[in-house]
Amino acid sequence: MRVQRSSRETTGTVVTVLVVVAGLLLGGLVLTSPRTDAAIPKIDHSKHGIRPDPAQEAALLAQAAAPVRGSEFRADCVSSHRAGDDPIVYPNQPGVSHLHEFFGNRSANARSTLHSLAAGTTNCDPRVDLSSYWTPTLYQHGQPVPPERVTVYYQGITEPRRAVAPPLGLRYVVGNALARTAEENPHARWSCLGASESSRDFLLCPPGSKLQTYLDFPTCWDGVRLDSPNHRDHVIYAPGGLGGTCPASHPTPIPRVQFLITYPVSGGGLSLAGTVDGVNLTTARGFTFHGDFFNAWQGPELQRRVRDCINAGYVCGTDGKPVQQ
């Protein structure tokens, strides 16, 4: 038997459906946005908060203190987009991470794979570098500030004649995003353009200057894994710093990836996107700085640059051709 509904009942049903649909849409927006509400269940960020052991810290600091000359090539990039994604630490989980500034591959997101990156485009020079690079977003007085420029160096500082091109799909993370003090993150290094002073926390750069940061990545790979459970153990810093050699546990030397990031800011009011007690926020200290690298270079071009620049001992430009000995 067919039941005739009153106009009031029909209206109530429509309203209920609209409320449900709106709730689903809003839920989707929450899932695809950075989680900042303390009421949202906490996420396990432990893989973002690892301090290197004393030996690795010494190796990192020794590399950072020594001048690098002799063999390198580079990619010049700018910011491509900003998202609460991390395809290495939180793959297939959009919006779970704090905000990151992505540079390089324009398609990078929480679901990125080597295949998807290879099908994407880049804002880096050279265009053959389809890799994705990302760091926490910088804020000044609560407003996000994209980098003015990003130079990604590939440097032959560990056994350069024997170094190999990083394999496609190699990915790793450096820095301690959960550092509570400057001592807990030896990777962080801030400076002002044109000045020699550096600090693990933000510096107050004078008017007319610009804020810069360096981030150094490891140089010895285990030769097998493209990733590891904590996204670090498959690569290490060569003991001995500049000029050191790779140990038996990680016998394969690779070029050191180094970020040099310049921000168009001076003065104070600075903070980073970060995480405290499992909650994402935008007020983290400078000493929580960290970065990620997902290699998606076009293979033959990366191999050529390692051969002609790193192995041969030349400083090369973005075209992979020597500019000086």
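Heads up: these notes are all about the structure in this document. (Residues numbered from 1 in each chain as written. Predicted model: local features only at pLDDT ≥ 70, side-chain atom pairs only at ≥ 80, totals over all residues. Heavy atoms only, no water.)

Turning next to the pairing of strand S8 (residues 171-175). Counting buried residues along S8, 4 of its 5 residues qualify, which places the element largely inside the surrounding structure. Two strands pair when backbone bridges link them, and S8 and strand S18 (residues 290-294) are joined in this way by 5 bridges, in the antiparallel orientation. Note on S18: the bridge partner recorded for Val174 is Gly291. (Buried < 20%, exposed > 50% of the residue type's maximum accessible area, 1.4 Å probe, protein only. Helix = DSSP H or I, 4+ residues; strand = E, 2+ residues; numbered from the N terminus. Pairing = 2+ DSSP bridges.)

Okay, the sheet that holds S8 next. With respect to topology, 5 strands assemble into an open sheet ordered S2-S3-S4-S18-S8, the strand pairing being antiparallel. Of all the strands in the sheet, just strand S2 (79-83) and S8 have a single pairing partner and so form its edges. In this sheet, neighbouring strand axes are inclined to one another by 20° on average, regardless of whether the strands run parallel or antiparallel. (Axes fitted to C-alpha atoms, helices over the stretch in contact; angles between N-to-C directions.)

What follows is about the pairing of strand S17 (residues 279-284). Bridge analysis of strand S16 (residues 270-276) against S17 gives 4 bridges, and the strand direction is antiparallel. Residue pairing across strands places Val276 opposite Val279, the latter belonging to S17. The turn joining S16 and S17, which pair antiparallel and follow one another in sequence, is formed by 2 residues; a positive phi near 55° is taken by Asp277.

Okay, the state of the cysteines next. The full count for this structure, using the stated rule, is 4 disulfides. Paired by a disulfide, Cys77 and Cys124 hold their sulfur atoms 2.0 Å apart. Note on the Cys77 and Cys124 pair: the S-S dihedral is about 105°, so by sign convention the disulfide is right-handed. Linking Cys77 in strand S1 (residues 72-77) with Cys124 in the loop between helix H3 (114-118) and strand S4 (132-136), this pair joins segments that are 47 residues apart in sequence. Judged on exposure class, the residue Cys77 and its partner Cys124 are both buried. A disulfide bridge connects Cys309 with Cys316, and the sulfur atoms are separated by 2.1 Å. Disulfide Cys309-Cys316: the torsion about the S-S bond is -105°, which places it as left-handed. For the protein, the bonded cysteines pair up as 1-2, 3-4, 5-6, 7-8 when numbered in the order they occur along the sequence. (Disulfide = S-S within 2.5 Å.)

Here we come to the nonpolar core. Residues Phe73, Tyr133, Val152, Leu211 and Phe259 are the most contacted members of the largest nonpolar core, which totals 48 residues. Those residues in contact with Leu211, other than ones at most four positions away along the chain, are Leu138, Trp190, Ser191, Phe202, Leu203, Cys205, Ile261, Thr262, Tyr263, Val265 and Leu270. Membership of the second largest hydrophobic core comes to 13 residues, among which are Ile88, Phe102, Leu130 and Trp134. (Core = buried A, V, L, I, M, F, W, Y, C linked by side-chain atoms within 4.5 Å. Contact = heavy atoms within 4.5 Å.)

Between side chains of opposite charge, pairing is possible as soon as their charged atoms come close. Enumeration over the complete set of coordinates arrives at 16 salt bridges. With a shortest N-O distance of 2.8 Å, Arg307 and Asp308 are connected by a salt bridge. Taking relative accessible area as the criterion, Asp308 reaches 25% and is therefore assigned partly exposed. In the salt-bridge network here, residues are joined through shared partners; they are Glu301, Arg304, Arg305, Arg307 and Asp308. (Salt bridge = Lys/Arg side-chain N within 4 Å of Asp/Glu carboxyl O.)

Here we come to the packing of aromatic side chains. Scanning the model with the defined rule gives 15 aromatic pairs in all. Measuring from ring centre to ring centre gives 5.4 Å for Phe103 and Phe259, while their planes differ by 70°; the resulting arrangement is edge-to-face. In this pair, Phe103 sits in strand S3 (residues 100-104) while Phe259 sits in strand S15 (residues 256-263), placing the two residues 156 residues apart along the sequence. With a relative accessible area of 0%, Phe259 lands in the buried category. Ring pairing ties together the aromatic residues Phe73, Phe103, Tyr133, Tyr154, Tyr172, Phe217, Phe259, Phe293 and Trp297, which thus form one cluster. (Phe/Tyr/Trp six-rings, centres within 6.5 Å; stacked < 30°, edge-to-face > 60°.)

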